[in-house]
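Each chain is listed here by its residues.
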Amino acid sequence: MQFHGIPSEKLEFCMGKKGSCIQAEDTGILNAKWMGATDVITRIGKRTLRFGRGPWAASWAASVGKKEKEGPLGALFDQCHEDTTLGLESWEQAESRLQAEAAQLALRKAGMEREAIDCVFAGDLLNQCAASVFGLRELDIPFLGQYGACSTMAQTLGMASVFVEAGAARRALAVTSSHFCSAERQFRLPLEYGGQRTPTAQWTATASGAVIVSREPPSGVERAVVVREATFGRMRDLGVKDAANMGAAMAPAAWETLLDYFTDTASSPSDFDLILTGDLGAVGSDLLRELALRDGFDIAAVHNDGGLMLYDRQRQDVHAGASGCGCSAAVLCSVVLGDLLAGRMQDVLFVGTGALMSLTTSQQGESIPGVAHLIHLRSVPVHSHTESAER
């Protein structure tokens, strides 16, 4: 039996056995008491949000391809594959599988079922965020699609943190992905064409990362990672039109967001163990440091870029480094969050950078606007932070 083309078993799953669209006993509506105090999010300065209680990074995971496994961080990823299609029929399906794996691995590491997650923020580089849609559709979790190009990991993590801190969710999932073959096919040239890559070109990572953001700290640990602040960036467009030079298009937005944060919080680069951009590559990283110096800031001692960390540029043919949503996501969800959890670093600024281009606008001669979103991550003793927030 079908209803407007929907099989009856699917209809029963969506609507509930009693036939009502919403059943109070099934919705899991939470009592407002758990939302806690108001004004837990404070605007600092002009553009920075500070989280009073601090959402926790409860769990994270990264799933990557063969080239990423062969890079310097290969041993730190949760799942590595030897085949670009992951045994599926298309590269797009493979990218969706990467997202599904990262999400499920994060849930498994946290000891959670999917029902524990109130909403998912996800996005990717494909048209209509197709990798996220088809990778996460089986989760049956409220889905909020995001597009920030390669800044998507920072954007989804920031949005998940806002929802959790504001009481709109108890736990939220932030996830993104990219795939070299699917991105090349959509944005540049068919792989069969065999075109030469310019020295400024970056290699789109075949990777996915996922973070579970929670109101409560992970259980059974003495130290955990808290989201302290977020600065959502403005678009900046300096007229770059070369789709093979993403670093130059994104660097101005990266520095503007960093400068906004330093101004809002009266902080400086020396206050942090790491400023991680992702992903400017070699060209964009040089430009970022030059822009910072022009404004009187020297970030060289604490800056690194996901595009320079994922691959060995001397051994792997990736030209200016890595790119793609999955690049910064995989680096964040392996070595960076791992080092914070272990206490090897205490304060990290994660700055996701995105080139907001499309195939259509590039073919029409438009320039490429850049955007960057910043997340301040801090490693803290669980009990002392919880007691401070309660006071």
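Above this note sits the structure.
Now for a look at the structure at hand. Computed from a predicted structure; not experimentally measured.

Conventions and cut-offs
- Residues numbered from 1 in each chain as written.
- Predicted model: local features only at pLDDT ≥ 70, side-chain atom pairs only at ≥ 80, totals over all residues.
- Heavy atoms only, no water.
- Helix = DSSP H or I, 4+ residues; strand = E, 2+ residues; numbered from the N terminus.
- Buried < 20%, exposed > 50% of the residue type's maximum accessible area, 1.4 Å probe, protein only.
- Contact = heavy atoms within 4.5 Å.
- Areas by Shrake-Rupley, 256 points an atom, 1.4 Å probe, with all protein chains shown as cover.
- Expected span 1.5 Å × (residues − 1).
- 1 Å grid on protein atoms, 1.4 Å probe; cavity = no way out; pocket = protein on both sides within 12 Å on 5 of 7 lines; lining within 4 Å.
- Points joined across faces, edges and corners; volume = space filled by probe spheres on them.
- Axes fitted to C-alpha atoms, helices over the stretch in contact; angles between N-to-C directions.
- Left-handed = near helix turned anticlockwise from the far one by under 90°.
- Nonpolar A, V, L, I, M, F, W, Y, C, P; charged D, E, K, R; others polar.
- Polar contact = N/O pair within 3.5 Å; in protein donor to acceptor, adjacent residues only side chain to side chain.

### Focus on the overall build of the protein chain
Link 1 in the chain: Helix and strand counts for the protein chain come out as 13 helices and 17 strands.
Link 2 in the chain: Expressed as a percentage of its 391 residues, the buried residues of the protein chain come to 54%.
Link 3 in the chain: Sequence separation of 24 or more characterises 77% of the internal contacts of the protein chain that already satisfy a separation of 6 or more.
Link 4 in the chain: With an accessible surface of roughly 17400 Å², the protein chain has 52% of that area assigned to carbon and sulfur atoms.

### Remarks on helix α9 (residues 281–294)
Link 1 in the chain: End to end, α9 covers 20 Å across 14 residues, agreeing with the expected 20 Å (1.5 Å per residue, within 8%).
Link 2 in the chain: Residues of α9 that are buried make contact with α8 (246–265), β13 (274–278), β14 (303–305) and α10 (306–309).
Link 3 in the chain: Count one or two residues on from α9 and you reach glycine 296, which has phi positive near 85 degrees.

### A word on empty space enclosed by the protein
Link 1 in the chain: For the coordinates displayed, the defined rule picks out two cavities of 30 Å³ or more.
Link 2 in the chain: Of the voids in this model, the second largest cavity is the one considered here, and its volume is about 30 Å³.
Link 3 in the chain: Along its surface, the second largest cavity is lined by Arg53, Gly54, Pro55, Val164, Glu165 and Arg215.

### Description of the packing of α8 against α9
Link 1 in the chain: Relative to each other, α8 and α9 sit at 35 degrees, their axes nearing to 8 Å. In this structure, α8 crosses over α9, and the sense of that crossing is right-handed. Of the residues in α9, those touching α8 at Gly247, Ala248, Ala251, Pro252, Ala254, Trp255 and Leu258 are Gly284, Leu287, Leu288, Leu291 and Ala292.
Link 2 in the chain: Class assignment for the residues of the contact of α8 with α9 results in ten nonpolar, two polar and no charged.

### Describing the side chain of serine 63
Link 1 in the chain: With respect to the secondary-structure elements, serine 63 resides in strand β5 (residues 56–64).
Link 2 in the chain: Within the structure, the side chain of serine 63 is placed 2.6 Å from the side chain of glutamate 101, a separation counted as a polar contact.
Link 3 in the chain: Not counting the four nearest positions on each side in its chain, serine 63 is found in contact with Gln79, His81, Leu98, Glu101, Ala102, Ala207 and Ser208.

### Regarding the environment of valine 162
Link 1 in the chain: Relative to the helices and strands, valine 162 is located in helix α6 (residues 152–166).
Link 2 in the chain: C-alpha separation for the pair valine 162 and leucine 49, spaced 113 residues apart in sequence, amounts to 8.8 Å.
Link 3 in the chain: In contact with valine 162, not counting residues within four places along its chain, are Ile41, Leu49, Phe51 and Phe232.

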